[in-house]
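Coordinates in review
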Amino acid sequence: MSPRTSSGAGPGAPDRRVLIVGGGSAGISTAARLRRAGVRDITVIDPSDIHWYQPLWTLVGGGQASLRVTGRPEASVIPEGVRWIRKAAEAVDPGARTVTLSDGTEAGYDFLVMAPGIQLDWNGVPGLAEAVGHDGVSSNYAPEYAPRTWELIKGMRSGTAVFTHPATPLKCGGAPQKIAYLAADHWRRKGVLDRIRVVLVIPDPALFKVPVWNRELERVAGRYGIEVRLNTEMTAVDGDRRTVTLTDRAAGAEETLGYDMLHAVPPQSAPDWVKKSPLADPAGPYGFVEADRHTLRHPRHPEVFAIGDVANLPTSKTGAAVRKQAPVVVGNLLDVMRGAEPSRRYDGYTSCPLVTARDRMLLAEFDYDLKPAPSFPLIDTTRERRDMWLFKRYGLPPVYWRGMLTGRL
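Predicted, not measured: the structure shown is a model, and the values here were computed from it.

1. Focus: the overall build of the protein chain
The number of helices and strands found in the protein chain is nine helices and 22 strands. The C-alpha radius of gyration of the protein chain comes to 22 Å, within 12% of the 22 Å expected for a compact globule of 409 residues. For the C-alpha atoms alone, the extent of the protein chain along its principal axes is close to 70 × 50 × 40 Å. Of all 409 residues assigned to the protein chain, the portion counted as buried reaches 58%. A sequence separation of at least 24 residues applies to 63% of the contacts in the protein chain between residues at least 6 apart. Roughly 16,500 Å² of accessible area belongs to the protein chain as shown, and the carbon and sulfur atoms make up 48% of that amount. Counting 52 positive and 45 negative side-chain charges, the protein chain places the averaged centre of each group 7 Å from the other.

2. What about the nonpolar core?
Val 99, Leu 112, Met 114, Phe 163 and Trp 187 are the most contacted members of the largest nonpolar core, which has 108 residues in total. Trp 187 has contacts with Ile 153, Met 156, Ala 161, Phe 163, Val 192, Leu 193, Ile 196, Val 198 and Met 261, leaving out every residue within four places of it along the chain. One finds Tyr 145, Val 237, Leu 257 and Ala 264 within the second-largest nonpolar core, a separate group that totals 19 residues.

3. Quick word on the sheet that holds strand β7 (residues 98–101)
With antiparallel pairing, the three strands of this open sheet are ordered in space as β6-β7-β8. Among the strands making up the open sheet, the edge pair consists of β6 (89–93) and β8 (106–108). Strand-to-strand, the axes of this sheet are offset by a mean angle of 25 degrees, without reference to chain direction. The sheet contact formed by β7 and β8 spans three bridges and is antiparallel. Within the sheet, the bridge partner assigned to Val 99 lies in β8 and is Ala 107.

4. Some words on the packing of helix α1 (residues 25–36) against helix α8 (residues 319–337)
One way to put it is that α1 packs onto α8 with a least axis distance of 9 Å and a crossing angle of 45 degrees. Between α1 and α8, the crossing angle belongs to the class labelled oblique. The element α1 and its partner α8 pack so that their crossing is right-handed. Only Val 322, Ala 326, Pro 327, Val 329, Val 330, Leu 333 and Leu 334 of α8 make contact with α1, whose side of the interface consists of Ser 25, Ala 26, Ser 29, Thr 30, Arg 33 and Leu 34. In terms of residue class, the contact of α1 with α8 is made up of nine nonpolar, three polar and one charged.

5. A look at a positive patch on the surface
A contiguous patch of positive charge, built from Arg 157, Lys 190, Arg 195 and Arg 358, is present on the exposed surface. Mapped onto the secondary structure, Lys 190 falls in the loop between α5 (175–189) and β13 (196–201).

6. Some words on the packing of aromatic side chains
Evaluation of the coordinates by the stated rule reveals 11 aromatic pairs. Look at Tyr 181 and Tyr 224: their rings are 6.5 Å apart centre to centre, the planes differ by 25 degrees, and that puts the pair in the stacked class. Taken together, the residues span a long stretch of sequence, with Tyr 181 in helix α5 and Tyr 224 in helix α6 (residues 211–224) at a distance of 43 residues. Judged by centre distance (5.6 Å) and plane angle (85 degrees), the ring pair of Phe 376 and Phe 391 falls under edge-to-face. Placement of the pair is Phe 376 in the loop between β22 (360–366) and α9 (386–404) and Phe 391 in helix α9, with a sequence separation of 15 residues. Note on Phe 376: relative accessible area 26%, which makes it partly exposed. The exposure class assigned to Phe 391 is partly exposed, which follows from its relative accessible area of 29%. Among the aromatic residues, ring-to-ring pairing joins Tyr 53, Tyr 400 and Trp 401 into one connected group.

7. Comments concerning the state of the cysteines
For the structure shown, the criterion picks out zero disulfides. Free of any disulfide, Cys 352 has its nearest neighbouring cysteine sulfur in Cys 172, separated by 6.3 Å. Exposure remark for Cys 352: the relative accessible area of 4% places this residue in the buried category.

Criteria and cut-off values
- Residues numbered from 1 in each chain as written.
- Predicted model: local features only at pLDDT ≥ 70, side-chain atom pairs only at ≥ 80, totals over all residues.
- Heavy atoms only, no water.
- Helix = DSSP H or I, 4+ residues; strand = E, 2+ residues; numbered from the N terminus.
- Rg over C-alpha atoms; globule rule 2.2 N^0.38 Å.
- Buried < 20%, exposed > 50% of the residue type's maximum accessible area, 1.4 Å probe, protein only.
- Contact = heavy atoms within 4.5 Å.
- Areas by Shrake-Rupley, 256 points an atom, 1.4 Å probe, with all protein chains shown as cover.
- Lys, Arg positive; Asp, Glu negative; His and termini not counted.
- Charge placed at Lys NZ, Arg CZ, Asp CG, Glu CD.
- Core = buried A, V, L, I, M, F, W, Y, C linked by side-chain atoms within 4.5 Å.
- Pairing = 2+ DSSP bridges.
- Axes fitted to C-alpha atoms, helices over the stretch in contact; angles between N-to-C directions.
- Parallel < 35°, antiparallel > 145°, perpendicular 65-115°, else oblique.
- Left-handed = near helix turned anticlockwise from the far one by under 90°.
- Nonpolar A, V, L, I, M, F, W, Y, C, P; charged D, E, K, R; others polar.
- Patch = residues over 30% accessible without salt bridge, like charges linked within 9 Å, V, L, I, M, F, W, Y side chains within 5 Å.
- Salt bridge = Lys/Arg side-chain N within 4 Å of Asp/Glu carboxyl O.
- Phe/Tyr/Trp six-rings, centres within 6.5 Å; stacked < 30°, edge-to-face > 60°.
- Disulfide = S-S within 2.5 Å.

Below you can see the structure in the form of structure tokens.
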């Protein structure tokens, strides 16, 4: 393909084929920004019919939002002028600069943006795939199960409720414990919390890796009487017997615990085809795409960039991280298209809105160095606030749909 000057893409920016694998928040926001920059030849590969706003799934599971408001037709978010291939990617050959699709055809590219997201490994815990969706087991990490979480919470009056967090990287790292707080708050309001044993299973040595928010979450867990199991993970589920196996990695101990309700978060990794690809980080155990932590450019294949959950970056995988990564990827991609070196840098910013009650929330924002990076410097977001909860529930969704996905934010 011969170069064509694209006036909107900046002086000297050749018009090249840009292929984006993934039509989630990372892929669509990147496509929208590239279109706004004047790039004309953009293709998005994604088989999905529905585009989900996943941050609200916790509130769906907590009875504070309808699943219906979290999804829109995928066709409605594809930017004007962007081609959409409604097939799944199954392989990538960076030498030939092609992506193989589910029907065996290939899509070629000059530049590739990898944004296929993260994979839920339901079979990563023995018994979980068979139990989830029934046997008192649910998960807010899938739209078909999130409404069931609320049904289980509403129907519980006594017994043991277990909430788990996997030991792998995961999207929205605060979500596994947010639903525990929402459930406990509901049971407290209904006057039954003292009859329910709430167990929160955390694989790390602390509830949260940034000390200022960890201290506050410890206080929240203590307020509800939640039994926090640190350095522990779920390693098996027996749905028939309604038991879960918990393994304390620090003590080397294993316990079988009966449950009446289990909110299980599955282990997560890169999609299988990405794990097997030449783009996967050879030093990473989960198959995520190798990327420079600041430029988001692949170190071995300079025409490839990674964004969002699939990128092997040392920061939490959140939509807020994507919001900061997208301008960096697009700016650096435009630089490279013009023959220059990447000039934009990503500092690892991410954000975890930590819902602690049906009307309260902490907002944890930090960078690679775990230093607080507040978007609202005049507001103390290290304390539970109602205005932050209102912002999450009613402010962020329109910002997402109208701002982030359109490349305006």
